[in-house]
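Each chain, letter by letter, is given below.
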Amino acid sequence: MLRSSPVSLNTLSYDAVVRALKKIITTNAVAPVITTVFVDTVGDPEFYRRKLVEGLGEGFADFVIEKKADAKYKTVSAASIVAKVTRDRVVADWQWRESNVTLDKDFGSGYPGDESCVNWLVRARSPLFGFPDFVRFSWSTTRESLKGNAVEVTW
């Protein structure tokens, strides 16, 4: 449970897009010409655009950044499906880093309204160590699960 400052999902998203695009243009013998980048935004589209320009440069490409872009653009819909299938495979094959963890993987969707998810957090919770590192400690559902059920430590 000892972690550096939490990183928001938005920041993870910005950084992942920048890293992926940089990798695409640097790992190919002949770099593809990227003219337009479509993004299904998390948060404010203009802020996202500024983060991408900051990471990739002003003239990198035209950025189409919209909420619900997966419902508007077929390429974004396809990328969304690929991302979800990839995530599901990673989660299904997950190996606990903590050698003493022998938890099931019946954690549902990961959303706070999902009873399977909330019940899994209860089963996974240690009053001393919190949760395995698989769990996002910055997630409000995680913090709420620990309140009154874990040893409070002040650093």
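It should be emphasised that the depicted structure is a prediction, and the values quoted were computed from it without experimental measurement.

*Asks:* Even after reading the chapter, I still don't get unusual backbone geometry, so can you show me in this structure?
*Replies:* Glycine aside, residues mostly have negative phi, and peptide bonds are mostly found in the trans state. Unusually for a residue other than glycine, Lys68 sits at a positive phi of about 60°. Following the sequence through the fold, Lys68 ends up in the loop between β2 (62-66) and α3 (69-72).

*Asks:* When you look at the side chain of Thr142 in this model, what are you seeing that I'm missing?
*Replies:* Relative to the elements of secondary structure, Thr142 occurs in helix α6 (residues 140-146). Thr142 gets classed as buried once you look at its relative accessible area, which sits at 0%. Sequence-distant contacts of Thr142, that is, excluding residues within four places in its chain, are made with Phe131, Val135, Arg136 and Phe137.

*Asks:* Explain the nonpolar core to me, please; I cannot follow it from the model alone.
*Replies:* If you look at soluble globular proteins, the nonpolar side chains tend to sit buried side by side. Counting residues in each nonpolar core, the largest one holds 13 residues, and the members touching the most others are Val37, Leu52, Phe60 and Phe63. Counting residues per element, this core draws most heavily on helix α2 (residues 45-56), at four residues. Listed in part, the 12 residues of the second largest apolar core include Phe107, Cys117, Leu121 and Phe131.

*Asks:* Where do I start with the packing of aromatic side chains in this structure?
*Replies:* Centre-to-centre distance and the angle between the planes together describe a pair of aromatic rings. Summed over all chains, the structure comprises nine aromatic pairs. Measuring from ring centre to ring centre gives 5.5 Å for Trp96 and Phe134, while their planes differ by 80°; the resulting arrangement is edge-to-face. In this pair, Trp96 is assigned in the loop between α4 (74-92) and α5 (115-124) and Phe134 in the loop between α5 and α6, connecting sequence segments 38 residues apart. Among the residues examined, Trp96 registers a relative accessible area of 16% and is labelled buried. What makes Phe134 partly exposed here is its relative accessible area of 23%.

Conventions used here
- Residues numbered from 1 in each chain as written.
- Predicted model: local features only at pLDDT ≥ 70, side-chain atom pairs only at ≥ 80, totals over all residues.
- Heavy atoms only, no water.
- Helix = DSSP H or I, 4+ residues; strand = E, 2+ residues; numbered from the N terminus.
- Buried < 20%, exposed > 50% of the residue type's maximum accessible area, 1.4 Å probe, protein only.
- Contact = heavy atoms within 4.5 Å.
- Core = buried A, V, L, I, M, F, W, Y, C linked by side-chain atoms within 4.5 Å.
- Phe/Tyr/Trp six-rings, centres within 6.5 Å; stacked < 30°, edge-to-face > 60°.

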